[in-house]
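Below are the chains, spelled out letter by letter.
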Amino acid sequence: MSSTVAPRRAGQKDRRGPTPAREALRSLPWLLPTLVLIVCVVLYPAGLMIYTSFFKYNNKGILRKPDPIGLDNYIGPAGALTFPGVPIGRILLNTVVWVAVVVLGTLILSLLLAQFLNLPFRGRKLLRLFVILPWACSVVMTATVFRYGLQDKVGLFNRLLVDTGILETARAWTKDPTSAFWVAVFVAIYVSLPFTTYTILAGLQAVPTDVREAAHVDGAGTWARYWHIVLPLLRPAIAVAALINIINVFNSLPILRILQETPGYHTGHITTTLMYEYQTSLGPGVSSALSVLNFLFCLVIIGIYLAVVQPTKEVA
Amino acid sequence: MKRAIKLGAVALISALALSACGGGGGDQQGSTPASSEDPAALETTIKILAPSYSDSSKADWDAITAKFNETYPKVKVELQIEGWETFADKVQARIQAGDLPDILNDNAFSSSADAGLLYRMDELLSKETLDAIEPTLLDNGKMPDGTLYATPDIASARLLAYNKDLFEKAGIAEPPKTWADLEDASQKLAALGDDIRGYGMPLGKEEAQVESSLWLWGAGGDWADGENLKADSDAAVEAFTQMKKMYESGYTQANLEDNRQGTTDLFSAGKLGMVIGHGQVVSDATAKGINVGLAPVPSKSGEGVAIGVTDFILAFDNKDAARKQATAAYLELFYSDELYVPWYKGTTLLPVTKSAIEKGIAEADEYNKAFLDALTLVKFQPVSNPQWDALQAALKASAYKVGSEDPKTLLEQIQAQVVAQS
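Rules behind the numbers
The residue count restarts for each chain, going from 1 along the sequence in the order it is written. Throughout, the order in which chains and ligands are written sets their labels, letters from A for the former and numbers from 1 for the latter. Side-chain atom pairs in this predicted model are given and counted only at pLDDT of 80 or more, local residue features only at pLDDT of at least 70, and totals for whole chains, interfaces and linings cover all residues. With hydrogens and water stripped out, all remaining heavy atoms of the structure feed into the side-chain values. Secondary structure elements are defined from DSSP: runs of H or I of at least 4 residues count as helices, runs of E of at least 2 residues count as strands, and each element is numbered from the N terminus. Two things to know: the radius of gyration comes from C-alpha atoms, and the globule rule equals 2.2 Å times the number of residues to the power 0.38. For every residue, the accessible area (1.4 Å probe, protein chains only) is compared with the maximum for its type, and the residue is labelled buried under 20%, exposed over 50%, or partly exposed between those bounds. By definition, residues are in contact when any of their heavy atoms lie within 4.5 Å. Note on areas: these come from Shrake-Rupley sampling with a 1.4 Å probe, and a residue is covered only by the protein chains present in the view. Within this scheme the basic residues Lys and Arg register as positive and the acidic residues Asp and Glu register as negative, but His and the chain ends are omitted. Where a charge lies is defined by one atom per residue type, namely NZ (Lys), CZ (Arg), CG (Asp) and CD (Glu). Here, nonpolar core means buried Ala, Val, Leu, Ile, Met, Phe, Trp, Tyr and Cys residues that are tied together by side-chain atoms lying within 4.5 Å of each other. Two joining distances apply to patches: 9 Å for like charges and 5 Å for nonpolar side chains (Val, Leu, Ile, Met, Phe, Trp, Tyr), and every residue must have over 30% relative accessible area and no salt bridge. A pair is scored as a salt bridge if a Lys or Arg side-chain nitrogen falls within 4 Å of a carboxyl oxygen belonging to Asp or Glu. Simply put, an axis is a line fit to the C-alpha atoms, just over the touching stretch for a helix, and the angle between two N-to-C directions goes from 0 to 180 degrees. To sort the angles, those under 35 degrees are grouped as roughly parallel, those over 145 as roughly antiparallel, those from 65 to 115 as roughly perpendicular, and the leftovers as oblique. For a crossing to be left-handed, the near helix must be turned anticlockwise from the far one by less than a right angle; the clockwise case is right-handed. Gly is placed with the polar residues, together with every amino acid not listed as nonpolar (Ala, Val, Leu, Ile, Met, Phe, Trp, Tyr, Cys and Pro) or charged (Asp, Glu, Lys and Arg). In short, buried area is how much 1.4 Å probe accessible area vanishes from two parts on joining, totalled over both. Each polar contact in these results corresponds to two N or O atoms within 3.5 Å; when the atoms are within protein, one needs to be able to donate a hydrogen and the other to accept it, and residues that are neighboring in sequence are counted only if both atoms are side-chain atoms. By this definition, two strands are paired if DSSP reports at least two bridges between them. The predictor attaches a confidence to each residue, and that confidence, scored 0 to 100, is pLDDT.

Caption draft 1: Spatial organisation of the overall build of chain A. A tally of helices and strands in chain A yields 14 helices and 0 strands. Seen in sequence order, chain A has helices and strands lined up from the N terminus as α-α-α-α-α-α-α-α-α-α-α-α-α-α. Relative to the 2.2 N^0.38 estimate, which gives 20 Å for 316 residues, the radius of gyration of chain A is 25 Å and therefore markedly larger than a compact globule would have. When its C-alpha atoms are laid out on the principal axes, chain A stretches across 70 × 60 × 30 Å. Taking all 316 residues of chain A together, the buried fraction comes to 41%. Within chain A, contacts between residues at least 6 apart in sequence are counted, and of these 63% link residues at least 24 apart. Element-wise, carbon and sulfur atoms account for 70% of the exposed surface of chain A, whose accessible area totals about 17600 Å². Positive and negative side-chain charges of chain A, numbering 26 and 14 respectively, have mean locations separated by a distance of 9 Å.

Structure, rendered in C-alpha cells:
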C-alpha cells in the first residue's frame, strides 16, 4: 500500500522524482514494525535453531561440548534420523498422510458446508454461528474433551458407541498409536472446518449471480454450473484456505500430543511430535536438527503444492 | 637426577601451596561478606522448584518459608510446584532458560552434577545436618567419585500391596513369594471375573524404570555391569520375558502403558489383586475401603525384593554469594527436626533423617511400619551413574512395548539407545 501511495506524494512535494532507493527509504517507517517482528520472531529463532542443531547437548539441555559436532545430531549414533528404536520411515509417511488427509478432508467438507450455508433458509444465521463454535474453543480444550470422551472406562463417546451397538466393548482409542492417530485426524478436521468453511463461504458470496443465471439460460445443468462457473471462481479462496491449512496442520502439536497417550517412539508420531519427544529425551540439539529437517520438509510440501496447483495465479 | 626430582618436588609443592592459598582466598572472598552480614539485612530472592507429592505440598513448603522469613525477612522465596508426570520437562525448561532454581527437589541429579551446575552439598550444609541423615540413604546422593551433590529429602520403599478380600475370595492363602506363585495367584484372581486382573504392571512414562528394576532384581540381575550400565543382560532378558508372559496370559491390566496412578485407581476400585506400591498407594486404596496387605515383591527364587527410591535436594550454583548464603540457611532449616518432620509427613512418604526414622518407627501404624522395616532390604537404582538418565529415559519410553515385542530385541534396542547417548 505504501508503495502505491509514496510516488504520488513524492510527485506533489518533491520535484526531483522518486528513485527506487528513495522509495524504499520512504516506505521503511511503514515496513519497520513488520520487519522487526519478522527478524525477532522468525529469523532469529530459525537461526538459533540451525546453530543449536550443530552442538551436543544432554537431555537436561546442558551443552556438553564447546565445539560443533558436524552432522551428528542429524545422522550420528543419537541422530534425529538414526536414533535406534525410532520408526523414522513410518513417521515420515505418517506426516505426509496427516497433512494430506486433514487438508483434503477439511476442504471437501468445507465446500459442502459452505454451499449449504449459502442457501437461504430459516435459522441460517444461528447455524452459521454453530459452525464457527469449534473455532472459538481452544484446540487443547477440544482435544482434551475428545480424549476424555474416548477413555475406555468412563468415556462418554465409548459409552455411546457401545450402547448403540456400534461397538461390542469399549476401546482405549487413545492408547493405541494407530487408532489415536486417526482420532487426531478426525479432531484436526473438526477444528479446521470453521475457518475453511468461512473462507469458502466468503468466496461463494462473491460469485456474481448474473454469471450463474446466464449459464442457466444457456442450458447448463446444476453440476456443470458448479464445476465450470462456481469452482473456478472459488479458486482464490480455496488456494488461501489450503495454504494456511497446510502450514497450520503440519505444525499442529497439541492435537496429537493430547490424543496420543502412548509414551516413547511409537508408530503414531508425525515429525512435529517426534521433535517434542526428542526434546525431552535427547535434548535440544537433536530436537533442533529434526526441526531443521521439518522446516525443509514443510518447504518441499508447499513447493509441490505451489507447482502443481499454481494457486497464486489468481491470488496475485 | 636426584636434584632434578627434589627441585621438581619443591616446585610442585609450592605450586600446590600457592594454588591452595589462592583457592582459600577465593573462598574467603566468597563467604566473608555473606557470613558476616546480619541475617535480617540479607536481601535477595531464592527460587525453589519442587514436585507435588500431595495436595498439601505447597502448604508444607510455605510453612518452612514462613519460619525462614522470621530470621531472614528480606529474602524472598519463590516456590514453584509441578506435577510428577511432567516434572522432568519443567526442570529441563528451567535449566535451558538459564533460570536455575536455587533449590530443586528431584529424583535425578547426575547429569546436572556431571555438567558442573551444582553446589557440593557439604559446602552448603553443616556436618551435623549431614550426619543426621541416614548414611545408606545419603550415599545415594554421591557421584561415583564420592562427591556429595545431592542430599536425600524423602525416601520411599515399595512393596507388594495386595487386596486381602480378593485373595480370600479367590482362595489364595498367602501372598506370592516366587514368580510361579505370582502366576498362580493371578490366575485365580482373573478367574473371579468381573474384569478383575491379578497384577498391576505400570510401564508408562512415570514408573517404567521402577517396575523394570524390580523384575530385573527378581531375576537376580542388576543394571550395573562394571562401570557401565547394561540393559540387555541375560537376567534382564529373563525378567522381561516373565513380564511378557504375565501380560500375554492376561494377568496384568489391559494397558501396559498405564502410569502408577492408573493402576492405583484400578487397585482402589477393587479391579486389581496386586500392585507394587508405596505409602500413597496404600492410603489411596484404604480410603476407598480396600483391605490392603503388604508383602515383599516376589522374585524368581522366592527371596523377597523391595525397591527404595530417594528423592533429592539439589542446589544449583547461581554464582551469587547472597543467594548461596540464603540457600544454605534455608536448607539447614529444612532439615531441622521441627520443620522436617511435618514436611515429610505431608508427602506421605518416608523420612531420611535418623531421628525422624526412629520416631516414625515408634509411632507408625501397621503399614508405615512395614515400609520403614523394608528400608533395610531395599535396593536402589543406580541414580548416580551418569548413564542412568539415558537408561531411565529409554525404559520410560519403551518398556511398555514388552507386551508386543520380543524381550531380547527390545532390550537390545534400549541398550542401543543408551550407548548412542554416551
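Now that the structure has been shown, we can carry on.
Caption draft 2: View of the overall build of chain B. The number of helices and strands found in chain B is 19 helices and 11 strands. Taken against the 2.2 N^0.38 rule, which gives 22 Å for 422 residues, the C-alpha radius of gyration of chain B at 24 Å falls within 12% of a compact globule. C-alpha atoms of chain B, sized along the principal axes, occupy 80 × 60 × 40 Å. Looking at chain B as a whole, 54% of its 422 residues qualify as buried. Surface accessibility of chain B: about 17700 Å² in total, with carbon and sulfur atoms responsible for 52%. Charge-centre separation for chain B: the mean point of 38 positive side chains lies 3 Å from the mean point of 62 negative side chains.

Caption draft 3: Structural context of the nonpolar core. Residues and elements named next belong to chain B. Of all hydrophobic cores here, the largest spans 70 residues; its most connected members are F109, Y199, W215, M274 and L391. Considering each element in turn, this core owes the most residues, 7 residues, to helix α11 (residues 234-248). In contact with W215, other than residues within four places in its own chain, are W179, L182, Y199, M201, A239, Q242, M243 and M246. L130, I133, L138 and I313 belong to the second-largest nonpolar core, a separate cluster that totals 61 residues.

Caption draft 4: How the structure looks around a nonpolar patch on the surface. On the surface, L25, L28, L31, L32, L35 and V36 of chain A cluster together to form a nonpolar patch covering roughly 520 Å² of accessible area. For L35 of chain A, the position within the fold is in helix α2 (residues 20-52).

Caption draft 5: Structural detail: the packing of helix α4 (residues 88-117) of chain A against helix α10 (residues 222-250) of chain A. All names here are of chain A. Relative to each other, α4 and α10 sit at 140°, their axes nearing to 10 Å. As the angle between them shows, α4 and α10 are arranged oblique. In the packing of α4 onto α10, the handedness of the crossing is right-handed. On α10, the residues that touch T95, W98, V99, V102, V103, T106, L107, L111 and Q115 of α4 are Y226, L231, L234, I238, A241, A242, N245, I246, V249 and F250. Considering only residue class, the contact of α4 with α10 consists of 15 nonpolar, 4 polar and no charged.

Caption draft 6: Layout of the interface of chain B and chain A. In this assembly, 27 residues from chain B lie in contact with 30 residues from chain A. With both sides pooled, the region where chain B packs onto chain A buries about 2300 Å², and carbon together with sulfur makes up 53% of that total. The three residues of chain B that bury the most area against chain A are Q92, A420 and Q421 of chain B, which together make up 21% of that side's buried surface. There are 2 salt bridges connecting chain B and chain A. The tally of links from chain B across to chain A stands at 7 residue pairs in polar contact (both at pLDDT 80 or more). Secondary structure elements with two or more residues in the side of chain B that touches chain A: α3 (87-96), α4 (110-114), α18 (388-398) and α19 (407-421) of chain B. Residues that form the side of chain B that touches chain A fall into these classes: 10 nonpolar, 9 polar and 8 charged.

Caption draft 7: How the structure looks around the pairing of strand β10 (residues 306-315) of chain B. All names here are of chain B. Burial analysis of β10 places 10 of its 10 residues in the buried class, which makes it a mostly covered element. Going residue by residue along β10, you find A306, G308, T310, F312 and L314 tucked away on one face and I307, V309, D311, I313 and A315 tucked away on the opposite face as well. Note: strand β3 (residues 103-106) against β10, 4 bridges, orientation antiparallel. Residue pairing for β10: N105 is matched across the bridge by I313. Two elements, strand β4 (residues 151-163) and β10, share 7 bridges in a ladder whose sense is antiparallel. Paired with R158 across the two strands is I307, which belongs to β10.

Caption draft 8: Main features of the confidence of the model for chain B. Residues and elements named next belong to chain B. Summary statistics for chain B give a mean pLDDT of 86 and a share of 91% for residues scoring 70 or more. The element-level mean pLDDT for chain B is lowest in helix α1 (residues 2-36), coming to 44, with α11 highest at 95. In the predicted structure, residues 10-36 sits below a pLDDT of 50 and forms 5 contacts with residues beyond four places in sequence or in another chain. Predicted complex, confidence summary: ipTM 0.71, pTM 0.75.

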